[in-house]
Amino acid sequence: MGRQPKSEADKVHDRIGVLRADRGVSRKELAEAVGVHPQTIGYVERGEYSPSLALALRIARYFDLPVEAVFSLDPLPSLSQELLRRTS
Amino acid sequence: MSISPEPTYLARTFEDERYGWTRHPRVRRRAVVAEAALLAALIAATLAASATETGWSTWFFGTWTVGMLALIPMHSLLNLGIRGILDRDARSLDEHQRRLGERSHSAMGWPSVALTFAAFTGAVAVVALTGHIVLALCLGFLLWFTSGLLTYWHLAWTSPEESADTDL
């Protein structure tokens, strides 16, 4: 089971919000697909809740991405920065 | 873990968006304060009645009845505010909701034990000092009842603020 992060260092960073916007998926739709309450997706997105490994894997599978592309222990760079880095 | 594909009637009621207003932190905290104040008043009334010669009286009976009846809508509101996390079938809760419930249970473990002990010793003290057995039972019940409500109060007070729109 997941937990509430106790400090900034304890926080799990994610790209769920960006991926949802990119794919046009609402919190409700994602929540139904991965089997949690829609509010839980909001808490994960805001970094107020660190998901369990099973939930993190289900979310990554939903977006058809490796889990490390969606979640990270370090702050994730923005996708535009990432693209710029790869093209330059 | 997943939400049950067929949530119970109780779970559907707690998830009903008509009661979304009860889930605002301000409403939840006011419900906690109101419930705690009501129980404190009932405990004070019980102690006041036990200090009299007659003990069980009409005014005390009236106060007790009104107080207990007022608790029903008050606790319903508080429970709607926390989506009934502590009363619903675990299968209708997701991992985050279960985590919140467990956190409140463990945070209020020792205070609940202390209040249960106070319920027993308080009732014994009232009988020993005044001889009013019914009032001693009332005091014991109120303190024991309060010990059970601590977990609800903790959860209602500490639950994080919810997103306004999940369709975004």
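All values reported here derive from a predicted model rather than from experimental measurement.

*Asks:* Would you take a moment to explain the environment of H105 of chain B for this structure?
*Replies:* Residues and elements named next belong to chain B. Counting through the fold element by element, H105 comes out in helix α4 (residues 95–107). Exposure remark for H105: the relative accessible area of 48% places this residue in the partly exposed category. Taking the C-alpha atoms as reference, H105 lies 28 Å from T46; in sequence the two are 59 residues apart. Not counting residues within four places of it along the chain, the set of residues in contact with H105 comprises L86 and T151.

*Asks:* Whenever I open this one, unusual backbone geometry confuses me. Can you help?
*Replies:* A negative phi holds for most residues other than glycine; trans holds for most peptide bonds. Phi at D64 of chain A takes a positive value of approximately 60°, unusual for a residue other than glycine. Looking at where D64 of chain A falls in the secondary structure, it is placed in the loop between α4 (53–62) and α5 (67–70). Its relative accessible area of 67% is what places D64 of chain A among the exposed residues. Positive phi, close to 55°, is recorded for R83 of chain B, a residue that is not glycine. In this structure, R83 of chain B sits in the loop between α3 (58–81) and α4.

*Asks:* Is there a simple way to think about the interface of chain B and chain A in this case?
*Replies:* In this assembly, 22 residues from chain B lie in contact with 24 residues from chain A. Buried area between chain B and chain A, summed over both chains or domains, comes out near 1900 Å², and the portion from carbon and sulfur atoms is 46%. Inspection of the chain B/chain A interface yields zero salt bridges. At the junction of chain B with chain A, the criterion picks out eight residue pairs in polar contact (both at pLDDT 80 or more).

*Asks:* Got a minute to help me understand the nonpolar core in this structure?
*Replies:* As a rule of thumb, soluble globular proteins bury nonpolar side chains together. Ranked by internal contacts, the top residues of the largest apolar core, which has 34 residues, are F60, L78, L142 and W153 of chain B. Elements represented by at least two residues in this core include exactly α2 (25–50), α3, α5 (109–130) and α6 (133–158) of chain B. For this core, the element with the highest residue contribution is α6 of chain B, accounting for 12 residues. Among all residues touching F60 of chain B, those that are not within four sequence positions of it are A45, T46, A49, L135 and C138 of chain B. Ranked by size, the runner-up nonpolar core spans 18 residues in total, among them V34, V44, A56 and F63 of chain A.

What counts and how
- Residues numbered from 1 in each chain as written.
- Chains lettered and ligands numbered in written order.
- Predicted model: local features only at pLDDT ≥ 70, side-chain atom pairs only at ≥ 80, totals over all residues.
- Heavy atoms only, no water.
- Helix = DSSP H or I, 4+ residues; strand = E, 2+ residues; numbered from the N terminus.
- Buried < 20%, exposed > 50% of the residue type's maximum accessible area, 1.4 Å probe, protein only.
- Contact = heavy atoms within 4.5 Å.
- Buried area = accessible area lost by both parts, 1.4 Å probe.
- Salt bridge = Lys/Arg side-chain N within 4 Å of Asp/Glu carboxyl O.
- Polar contact = N/O pair within 3.5 Å; in protein donor to acceptor, adjacent residues only side chain to side chain.
- Core = buried A, V, L, I, M, F, W, Y, C linked by side-chain atoms within 4.5 Å.

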